[in-house]
Amino acid sequence: MKKCIFSLLQRIGRCLMLPIAVLPIAGLFLGVGSSLTNPTTIASLHLEWVMGEGTFLHGFLLLLKGVGNILFENIPLLFAASVALGMAKKAKEVAALSSIIAFFVMHASINGMLTLTGVIENNQIVQDVLTGSIANVCGILSLQMGVFGGIIVGLVVSYLHNRFYDIQLPDIFSFFEGERFVPIIAAIVYLFVGVMMFYIWPVIQSGIFGLGKFIADSGY
């Protein structure tokens, strides 16, 4: 039992290495782009003529900043695809695509619940909520689940993929059997997972924020 759990954790760890490997270059792009487009930094270096607003180098640095920023903002999606890809036994590309579909379905479901309960309206937060609890996830206002949300998607989708990628259906539904069934079942499952997370995640989120506040208030 212990050996099986350790082996599973090793596989998950290897899966997480792929998106983590992107972070250094994303951080480099973001750091260089942000620091060298800061007016104060440019003025202190007396390089307005080469890095000032409107120059070619300034535009290129803004491009680096944008690329780094978009990678960091979408890290949960990268984790979802990477975990599903690494944990799938066969047809890994189908697992990766299914995890992306499930990720969007889950956050769209959460967005729908936030809208139905009046927390957001016209894609704007209209109720008082805990700061940072709601974030823009790939253009969808949803609960801020961070990387944990991506890992949840990747693990469950990989299980669904390994369970159903070779499923056989009656002849009338034969077009949807096998690998084509995986994104279908993933979308259905994560429709309900999104609704569940609407109720479950705020409790976890409050615990995380409470722990952070306790550490911040505990002093040196």
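Details of the structure are given in the entry above.
*Asks:* Can you help me understand the overall build of the protein chain in this one?
*Replies:* Along the backbone of the protein chain there are eight helices and four strands. Along the protein chain, from the amino end to the carboxyl end, the secondary structure elements read α-α-α-α-α-α-β-β-β-β-α-α. Here the C-alpha atoms of the protein chain give a radius of gyration of 21 Å, more than 25% beyond the 17 Å that 2.2 N^0.38 yields for 220 residues. Expressed along its principal axes, the backbone C-alpha trace of the protein chain runs to roughly 70 × 45 × 40 Å. Considering the protein chain as a whole, with its 220 residues, one finds that 35% of them fall into the buried category. Summarising the internal contacts of the protein chain: among those between residues at least 6 apart in sequence, 66% fall at separations of at least 24. In the form shown here, the protein chain has an accessible surface area of approximately 13200 Å², with 70% of it arising from carbon and sulfur atoms. Across the protein chain, the mean location of the 11 positive side-chain charges is 18 Å away from that of the 11 negative side-chain charges.

*Asks:* Mind showing me how you'd approach the packing of helix α5 (residues 75-87) against helix α7 (residues 146-164) here?
*Replies:* Relative placement of two packed helices is described by the angle separating their axes and the distance separating the axes. Where α5 meets α7, the axes come as close as 7 Å, and the angle between the chain directions of the two elements is 25°. By the angle class used here, α5 and α7 are roughly parallel. When you trace α5 past α7, the crossing you get is right-handed. Facing α5, whose interface residues are I75, P76, F79, A80, V83, A84 and M87, α7 presents G146, V147, G150, I151, V153, G154, L155, V157, S158 and N162. Counted by class, the contact of α5 with α7 contains twelve nonpolar, five polar and no charged residues.

*Asks:* I tried to follow the pattern of salt bridges on my own but got confused; where do I start?
*Replies:* Where side chains of opposite charge bring their charged atoms close, a pairing between them can arise. If you walk through the whole model with that rule in mind, you get one salt bridge. A salt bridge links D217 to K213; its shortest N-O distance comes to 2.8 Å. Of this pair, D217 and K213 both sit in helix α8 (residues 181-217), four residues apart, roughly one helical turn.

*Asks:* Got a minute to help me understand the side chain of T37 in this structure?
*Replies:* Looking at the element boundaries, T37 is found in the loop between α1 (2-35) and α2 (39-45). Residue class for T37 comes out buried when judged on its relative accessible area of 10%. There is a polar contact of 3.3 Å between the side chain of T37 and the backbone oxygen of S34. Once residues within four sequence positions are removed from consideration, T37 is found in contact with I42, H58, L61, L62 and K65.

*Asks:* I'm lost on helix α6 (residues 92-116) in this one. Help?
*Replies:* One turn of the α-helix equals 3.6 residues, which is why residues spaced by three or four share an orientation. For α6, which comprises 25 residues, the first-to-last C-alpha distance of 36 Å matches the rise-based estimate of 36 Å (1.5 Å per residue) to within 8%. G118 sits one or two residues past α6 and shows a positive phi near 80°.

*Asks:* Looking at this structure, how should I read the pairing of strand β3 (residues 134-137)?
*Replies:* Working note: regular strand, side chains alternate between the two faces of the sheet. By the bridge criterion, four bridges tie β3 to strand β4 (residues 140-143) in an arrangement that is antiparallel. Its bridge partner lying in β4, N136 is registered against L141. Where β3 folds back on β4, the antiparallel hairpin that results is connected by two residues, among which C138 adopts a positive phi of roughly 55°.

*Asks:* Before we go on, may I ask you to explain the packing of helix α4 (residues 56-73) against α5 in this structure?
*Replies:* Packing of α4 against α5 leaves a shortest axis separation of 5 Å and a crossing angle of 55°. Between α4 and α5, the interaxial angle falls into the category oblique. Counted together, L71, F72 and E73 of α4 and I75, P76 and L78 of α5 form the full contact between these two elements. Of the residues contributing to the contact of α4 with α5, the split by class is five nonpolar, no polar and one charged.

Conventions adopted
- Residues numbered from 1 in each chain as written.
- Predicted model: local features only at pLDDT ≥ 70, side-chain atom pairs only at ≥ 80, totals over all residues.
- Heavy atoms only, no water.
- Helix = DSSP H or I, 4+ residues; strand = E, 2+ residues; numbered from the N terminus.
- Rg over C-alpha atoms; globule rule 2.2 N^0.38 Å.
- Buried < 20%, exposed > 50% of the residue type's maximum accessible area, 1.4 Å probe, protein only.
- Contact = heavy atoms within 4.5 Å.
- Areas by Shrake-Rupley, 256 points an atom, 1.4 Å probe, with all protein chains shown as cover.
- Lys, Arg positive; Asp, Glu negative; His and termini not counted.
- Charge placed at Lys NZ, Arg CZ, Asp CG, Glu CD.
- Axes fitted to C-alpha atoms, helices over the stretch in contact; angles between N-to-C directions.
- Parallel < 35°, antiparallel > 145°, perpendicular 65-115°, else oblique.
- Left-handed = near helix turned anticlockwise from the far one by under 90°.
- Nonpolar A, V, L, I, M, F, W, Y, C, P; charged D, E, K, R; others polar.
- Salt bridge = Lys/Arg side-chain N within 4 Å of Asp/Glu carboxyl O.
- Polar contact = N/O pair within 3.5 Å; in protein donor to acceptor, adjacent residues only side chain to side chain.
- Expected span 1.5 Å × (residues − 1).
- Pairing = 2+ DSSP bridges.

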